[in-house]
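# Results of the structural survey
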Amino acid sequence: MLSLLKRHLVLVSALVCGMGSPLADELPLEDYFMSFPNCYGRTYSLQHQKDHPAQNTVDIAISHFPSKQEPLGMDSPFQPYPDTPRLVVKLDVWMKGQNEGWQTDAICEPDGNRLLCQIECDGGRFFLEGRSDDKLVLTGGTDLDFNQCDAGDRVLQRAPDDGTFHLTPIPLSHCRAQ
C-alpha cells in the first residue's frame, strides 16, 4: 500500500512539475491585457481604402482598462461565480459613411494560444492573437453586432475585406475607457 502511495505521489509531482508550458498557454496574451491599461488600433489610409474598396472599416481599436472593469457576479450570464473578473475588452470601429464610431464590450477567454472574444446577446465573436512584434491580430469569427442587444443596423460584416485586422499599440488617449 505504501509503495502504491509513493508511486501516486511521484506521478502527481511529475505532472505538477511538467505543467510549466501548458499553464502559460492557458493565459494567452497576458502581457497585452492583464495588468495595465492598453490600446491597440489601426487607422486605414486613403490609399489603403482605395486599394481595398470592399473594406468598410476605416478605423478600429481594441482596449482594456483594468481599473474600469467591474467583476461579473451572479446576475451575469457569463460568470456563474460572484466577484470573479473576466477579461473584458472594448472594441471601437469607424465605418465608411457613418457619422459616429461604434463601441461594444467583448468578454474574452483563453482558446489555445489566443483569446476568443464574444459580444453579448449573440453579437458575434472574434479571436485575438499576439505577434512577436507586440502587435495584435483580430481575426476569424462572425459578423459583429454593435447594437447593444437591440435591433439595429450597426453590424460589421466581416466579409470580404473586414475579416483580419493587424493592430499596433496606440496612445491610450485614442481609446475610450467607458
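Computed from a prediction, not measured in an experiment: that's the story for all the values here.

The rules behind the values
- Residues numbered from 1 in each chain as written.
- Predicted model: local features only at pLDDT ≥ 70, side-chain atom pairs only at ≥ 80, totals over all residues.
- Heavy atoms only, no water.
- Helix = DSSP H or I, 4+ residues; strand = E, 2+ residues; numbered from the N terminus.
- Buried < 20%, exposed > 50% of the residue type's maximum accessible area, 1.4 Å probe, protein only.
- Contact = heavy atoms within 4.5 Å.
- Areas by Shrake-Rupley, 256 points an atom, 1.4 Å probe, with all protein chains shown as cover.
- pLDDT = per-residue confidence, 0-100.
- Pairing = 2+ DSSP bridges.
- Axes fitted to C-alpha atoms, helices over the stretch in contact; angles between N-to-C directions.
- Disulfide = S-S within 2.5 Å.

### So, the overall build of the chain
From N to C terminus, the chain includes four helices and ten strands. Helices (α) and strands (β) of the chain occur, in sequence order from the N terminus, as α-α-α-β-α-β-β-β-β-β-β-β-β-β. With 178 residues in all, the chain has 34% of them scored as buried. Excluding contacts between residues fewer than 6 apart, the proportion of contacts in the chain whose partners are at least 24 apart in sequence is 52%. Accessible surface computed for the chain: about 10,900 Å², of which carbon and sulfur atoms make up 54%.

### Digging into the confidence of the model for the chain
One rule of thumb: low pLDDT means the predicted coordinates there are not for detailed reading. Here the chain shows a mean pLDDT of 74. Residues at 70 or above account for 69%. By mean pLDDT, the top-scoring element of the chain is helix α4 (residues 46-51) (93), and the lowest-scoring one is helix α1 (residues 2-17) (32). The low-confidence segment residues 73-78, where pLDDT is below 50, has ten contacts with residues more than four positions distant or belonging to other chains.

### So, the pairing of strand β1 (residues 38-43)
Sheet analysis places β1 next to strand β2 (residues 57-64), joined by six bridges and oriented antiparallel. Note on β2: the bridge partner recorded for Tyr40 is Ile62. Pairing analysis gives two bridges linking β1 to strand β10 (residues 165-169), with the strands arranged antiparallel. Looking at β10, one finds that Gly41 is bridged to Thr168.

### Describing the sheet that holds β10
Read around the barrel, eight strands follow the order β1-β2-β3-β4-β5-β6-β7-β10 and close on themselves; strand pairing throughout is antiparallel. Averaged over all neighbouring strand pairs, the angle between strand axes comes to 30°, with direction disregarded.

### Details of unusual backbone geometry
A positive phi angle is found at Asp122, which is not glycine, with a value near 55°. Locating Asp122 in the fold gives a position in the loop between β5 (114-118) and β6 (125-130). Notably, Asp134 is not glycine yet its phi reads approximately 65°, a positive angle. With respect to the helices and strands, Asp134 occurs in the loop between β6 and β7 (136-139).

### Points about the environment of Asp134
You can call Asp134 partly exposed: its relative accessible area is 49%. For the pair Asp134 and Thr168, spaced 34 residues apart in the sequence, the C-alpha separation amounts to 7.4 Å.

### Looking at the state of the cysteines
In the structure shown here, the tally under the stated rule is two disulfides. Sulfur-sulfur distance for the disulfide between Cys39 and Cys175 comes to 1.7 Å. Looking down the S-S bond of the Cys39 and Cys175 bridge, the torsion is 60°, so its handedness is right-handed. Residue Cys39 is found in strand β1, and its partner Cys175 is found in the segment after β10; the two are separated by 136 residues along the sequence. The disulfide that involves Cys108 links it to Cys117, with 2.1 Å between the sulfurs. Taking the sign of the torsion about the S-S bond as the criterion, the disulfide between Cys108 and Cys117, at about 110°, is right-handed. Overall, the relative accessible area of 0% leaves Cys117 in the buried class.

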